Amino acid sequence: MTFDPDTSAKITSYRPRSAPPGWEAVADQVRATVAASAPWVGYRIERLLHMVGRLAIWCHGRGLPADPEVWLRHETIDAFVLAGCADLAPRTAQTYRSWLRQVRAALAWAQRGESTPVALSAPSERTAPTHRPNWPGCAGGPPTFAARPAAMPSR
């Protein structure tokens, strides 16, 4: 995947504010994980870097290897949300959980060589139907009582 120069620079130069000990041990894997998953998840690069970086640093602090396959296991993400996100509002922690699981799914799809994953959110704009059924006796719409006066009993 090729990124525009601005996105590429954001990924390669990312470093958390006041980077904690252990950042350098996980930095390359964080950047690679975000670069590999970003095209599939559609979230802002800065937010992905922050979330994946925070997860990776938390895992490193618990002695887990610098390996995204370990970080992105469901049980690791859940433990991180419960213990590593205790300082966040519950809804924010659940957003982290959701986004990290999306990163996991994107990497799994990419590794298996499958097509683009199905979007898990509704489109932002309603689209007009591309085909209208050919209803007998009506110009482009379903029959109505007005179009079928015989269907209504007369009074």
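Note that the structure is a prediction, hence the values are computed from the model and not measured. Residue indices begin from 1 for each chain and proceed along its sequence in written order. Side-chain atom pairs in this predicted model are given and counted only at pLDDT of 80 or more, local residue features only at pLDDT of at least 70, and totals for whole chains, interfaces and linings cover all residues. Based on all heavy atoms of the structure, the side-chain values leave hydrogens and waters out of the count.

Draft legend 1. Broad picture of helix H2 (residues 23-41). Taking 1.5 Å as the rise per residue, H2 with 19 residues should run 27 Å; its terminal C-alpha atoms sit only 24 Å apart, a clear shortfall. Helix geometry: H2 is bent most strongly at Ala35, by close to 30°, with proline Pro39 lying one to four residues after it. Exposure is judged per residue with a 1.4 Å probe applied to protein chains only, and the accessible area is read against the type maximum: over 50% gives exposed, under 20% gives buried, and values in between give partly exposed. In this description a helix means any DSSP run of H or I spanning at least four residues, a strand means any run of E spanning at least two, and both kinds are numbered starting from the N terminus. Listing the buried residues of H2 in full gives Trp23, Val26, Ala27, Val30, Arg31, Thr33, Val34, Ser37, Ala38 and Val41. Phi turns positive, to about 75°, at Gly42, one or two residues after H2. One fewer than the residue count of a helix, multiplied by 1.5 Å, yields its expected span. Fitting axes to the seven residues ending at a residue and to the seven starting there, one defines the bend at that residue as the angle between these axes.

Draft legend 2. Quick peek at the nonpolar core. Of all hydrophobic cores here, the largest spans 32 residues; its most connected members are Val30, Trp71, Leu72, Phe80 and Leu100. For this core, the secondary-structure elements that each account for two or more residues are H2, helix H3 (45-61), helix H5 (74-84) and helix H6 (90-112). In terms of residue count, H3 provides more of this core than any other element does, 10 residues in total. Two residues form a contact once any of their heavy atoms are found within 4.5 Å. Apart from the residues within four sequence positions on either side, Trp71 is in contact with Val26, Gln29, Val30, Thr33, Val52, Leu55, Ala56, Cys59, Pro65, Ala66, Thr76 and Ile77. Nonpolar cores were defined as sets of buried Ala, Val, Leu, Ile, Met, Phe, Trp, Tyr and Cys residues, with membership established by side-chain atoms within 4.5 Å.

Spatial relationships are all this shows, so hold off on functional conclusions.
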